[in-house]
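Close look at the chain arrangement
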Amino acid sequence: MLDIPIAFRFFLWHSRGAIVATVANSKKDFALLAGTFLLGLGALEAVLNFFGI
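Residues numbered from 1 in each chain as written. Predicted model: local features only at pLDDT ≥ 70, side-chain atom pairs only at ≥ 80, totals over all residues. Heavy atoms only, no water.

1. Quick look at the overall build of the chain
- From N to C terminus, the chain includes two helices and zero strands.
- Out of the 53 residues belonging to the chain, those deemed buried represent 13%.
- Surface summary for the chain: the accessible area is close to 4,400 Å², and the carbon and sulfur share equals 74%. (Helix = DSSP H or I, 4+ residues; strand = E, 2+ residues; numbered from the N terminus. Buried < 20%, exposed > 50% of the residue type's maximum accessible area, 1.4 Å probe, protein only. Areas by Shrake-Rupley, 256 points an atom, 1.4 Å probe, with all protein chains shown as cover.)

2. Remarks on the packing of aromatic side chains
- For the structure shown, the criterion picks out one aromatic pair.
- Ring centres of Phe 50 and Phe 51 lie 5.2 Å apart, and the angle between their planes is 80°; this geometry places the pair in the edge-to-face category.
- You can call Phe 50 exposed: its relative accessible area is 67%.
- Under the relative-accessibility criterion, Phe 51 is labelled exposed at 61%. (Phe/Tyr/Trp six-rings, centres within 6.5 Å; stacked < 30°, edge-to-face > 60°.)

3. Some details on helix H2 (residues 27-50)
- With 24 residues, H2 extends 34 Å from end C-alpha to end C-alpha; this agrees with the ideal 34 Å at 1.5 Å per step.
- One or two residues past the end of H2 sits Gly 52, with phi positive at roughly 80°. (Expected span 1.5 Å × (residues − 1).)

Okay, here's the thing in structure tokens:
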């Protein structure tokens, strides 16, 4: 059961750079998008941890 969240986290961490780099036009946009993504990822992990998944 522990393999799914670890694999999911691995995929998200390694794909975030490619996703943000295609959308961002400047360093400020890159930082804003990356920060928002990391905030959302932290919230998702907190919810998954809260429900025991």
